[in-house]
Amino acid sequence: MTKINFAGIIDHSTLDYAKKSAAVIYLCGCPYRCPWCQNPELVFGKGCEMVEIDEIIKNLNKNFLIDAVCVTGGEPLMQENTCELLKKIKQETDLLLKMDHNCYFPGRLKKALLYLDFFTTDIKAPLDERYGKAVGLPGRWEKIVFNVKKSHEILKQWSGRKETRTTVVPTLVDTKEDIKEIAKVVQDIGFEIYTLQQFRPGKTLDPGFKFIRSPELAKMKELGKTAKKYLPGTKVQIVTQENGFEEIKI
Ligand code: SF4
């Protein structure tokens, strides 16, 4: 019987898998320490417990309200056993399967993609030392960027549905130049949708980010337009507290 470090499940969500009703599974642990992270409990494993994968599958099969399941974190592939969970979801349920991943584990990603219908990730910064700063580990940026680039090469070859996003965080990733560089990566990998999301202060992993102000709506629109310029064939959208999701068109 295989167990997994589990934080909880939402039985029914209409927000996490486009046009589907989905259960959302939260797994524990993460190799990053993004200072703006809004899920520090999951990162540090607070409130998590080891749960049998078969128990999770049994519960999904009893849930008649859903047609999809999303596996998220923390970072789902922090645990080797997550691939076993994904495999069982695919083989023992009729549900569509989506996973969110931060691209730090290319070897596990390759295995996970065998079972996924839908993949989402974030590109947290341009692929240089700024990436290390954005994930709160500036001294390890070279190893992190190496792994992220390897994951991107794998995703380039994968023909399933894939989307990506960047959180616009003042002082970390908030310039036109940052977004231009990231947009080129989005284009190269062939993501279908690119979302710029507005940083929200409040509960953050680094208390120093608790009181940093959200980027203004006008700034989000300007950065959205910058991204769209380099992504003419990709759906580009921003998400803000003011207006929710807004598609950017040139
Ligand atoms: S925001 Fe960063 S630290 Fe938080 S769960 Fe995601 S990758 Fe991990």
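Refer to the structure above for everything that follows.
Residues numbered from 1 in each chain as written. Predicted model: local features only at pLDDT ≥ 70, side-chain atom pairs only at ≥ 80, totals over all residues. Heavy atoms only, no water.

J.: So what exactly am I meant to see when it comes to the site of the ligand here?
T.: Looking at the ligand, the residues that line it are Cys 30, Tyr 32, Cys 34, Cys 37, Val 43, Gly 74, Asn 102 and Lys 124. A class-by-class count of the residues in the shell around the ligand yields 5 nonpolar, 2 polar and 1 charged. (Near = heavy atom within 4 Å. Nonpolar A, V, L, I, M, F, W, Y, C, P; charged D, E, K, R; others polar.)

J.: What should I look at first to understand the packing of aromatic side chains in this one?
T.: To describe a pair of aromatic rings, one takes the distance between the centres and the angle between the planes. All chains considered together, the criterion is met by 5 aromatic pairs. Taking the centre distance of 5.6 Å and the plane angle of 75 degrees together, the rings of Tyr 32 and Tyr 104 count as edge-to-face. With Tyr 32 in the loop between strand E2 (22-27) and helix H1 (40-44) and Tyr 104 in the loop between strand E5 (96-101) and helix H4 (106-112), the pair connects residues that are 72 residues apart, well separated along the chain. Here Tyr 32 and Tyr 104 have matching classes, each one buried. Taking 5.1 Å as the distance between ring centres and 85 degrees as the angle between the ring planes, the aromatic pair formed by Tyr 104 and Phe 105 counts as edge-to-face. With a relative accessible area of 15%, Phe 105 lands in the buried category. Joined through ring pairs, the aromatic side chains of Tyr 32, Tyr 104 and Phe 105 make up one cluster. (Phe/Tyr/Trp six-rings, centres within 6.5 Å; stacked < 30°, edge-to-face > 60°. Helix = DSSP H or I, 4+ residues; strand = E, 2+ residues; numbered from the N terminus. Buried < 20%, exposed > 50% of the residue type's maximum accessible area, 1.4 Å probe, protein only.)

J.: I keep staring at the pattern of salt bridges and nothing clicks. Help me out?
T.: Where charged atoms from two side chains of opposite charge approach closely, those side chains can pair. Under the defined criterion, the tally for this structure stands at 15 salt bridges. For the salt bridge of Glu 80 with Arg 108, the shortest nitrogen-to-oxygen distance reads 3.8 Å. Here Glu 80 is found in the loop between strand E4 (68-72) and helix H3 (82-92), whereas its partner Arg 108 is found in helix H4, with 28 residues between them in sequence. Across the pair Arg 165 and Asp 100 runs a salt bridge, and its minimum N-O distance is 2.9 Å. (Salt bridge = Lys/Arg side-chain N within 4 Å of Asp/Glu carboxyl O.)

J.: How should the sheet that holds strand E10 (residues 244-247) be read in this particular structure?
T.: Paired through their backbone hydrogen bonds, the strands of a sheet run either parallel or antiparallel. With mixed pairing, the 10 strands of this open sheet are ordered in space as E3-E1-E2-E4-E5-E6-E7-E8-E9-E10. Two strands in the sheet have a free side with no partner beyond their single neighbour: strand E3 (49-52) and E10. On average, each strand axis in the sheet is tilted by 25 degrees relative to the strand beside it, whichever way the strands run. Where E5 meets strand E6 (residues 118-122), 4 bridges bridge the pair, whose relative direction is parallel. For Met 99, the partnering residue across the bridge sits in E6 and is Phe 119. (Pairing = 2+ DSSP bridges. Axes fitted to C-alpha atoms, helices over the stretch in contact; angles between N-to-C directions.)

J.: Before we go on, may I ask you to explain the packing of helix H6 (residues 141-157) against helix H7 (residues 176-189) in this structure?
T.: It is the contact of H6 with H7, at a shortest axis distance of 8 Å, that shows an interaxial angle of 40 degrees. In terms of their interaxial angle, H6 and H7 are classed as oblique. Within the contact between the two elements, H6 uses His 152, Leu 155 and Lys 156 and H7 uses Val 185, Asp 188 and Ile 189. When the residues that make up the contact of H6 with H7 are grouped by side-chain class, the tally is 3 nonpolar, 1 polar and 2 charged. (Parallel < 35°, antiparallel > 145°, perpendicular 65-115°, else oblique. Contact = heavy atoms within 4.5 Å.)

J.: Would you take a moment to explain the environment of Phe 119 for this structure?
T.: For Phe 119, the location among the structural elements is in strand E6. A C-alpha to C-alpha distance of 8.5 Å links Phe 119 and Thr 164, two positions 45 residues apart in sequence. Dropping the residues within four chain positions of it, Phe 119 is found in contact with Met 99, His 101, Leu 109, Leu 113, Leu 155, Trp 158, Arg 161, Lys 162 and Glu 163.

J.: Would you take a moment to explain the nonpolar core for this structure?
T.: Side chains that are nonpolar tend, in soluble globular proteins, to be buried together. By size, the foremost hydrophobic cluster in this structure holds 72 residues, and its most contacted members are Ile 25, Tyr 32, Leu 60, Ile 89, Tyr 131 and Leu 196. If you tally residues by element for this core, the top one is H7, at 6 residues. Formed by 6 residues, the second largest nonpolar core is a distinct cluster that contains Val 24, Ala 68, Cys 70 and Phe 118. (Core = buried A, V, L, I, M, F, W, Y, C linked by side-chain atoms within 4.5 Å.)

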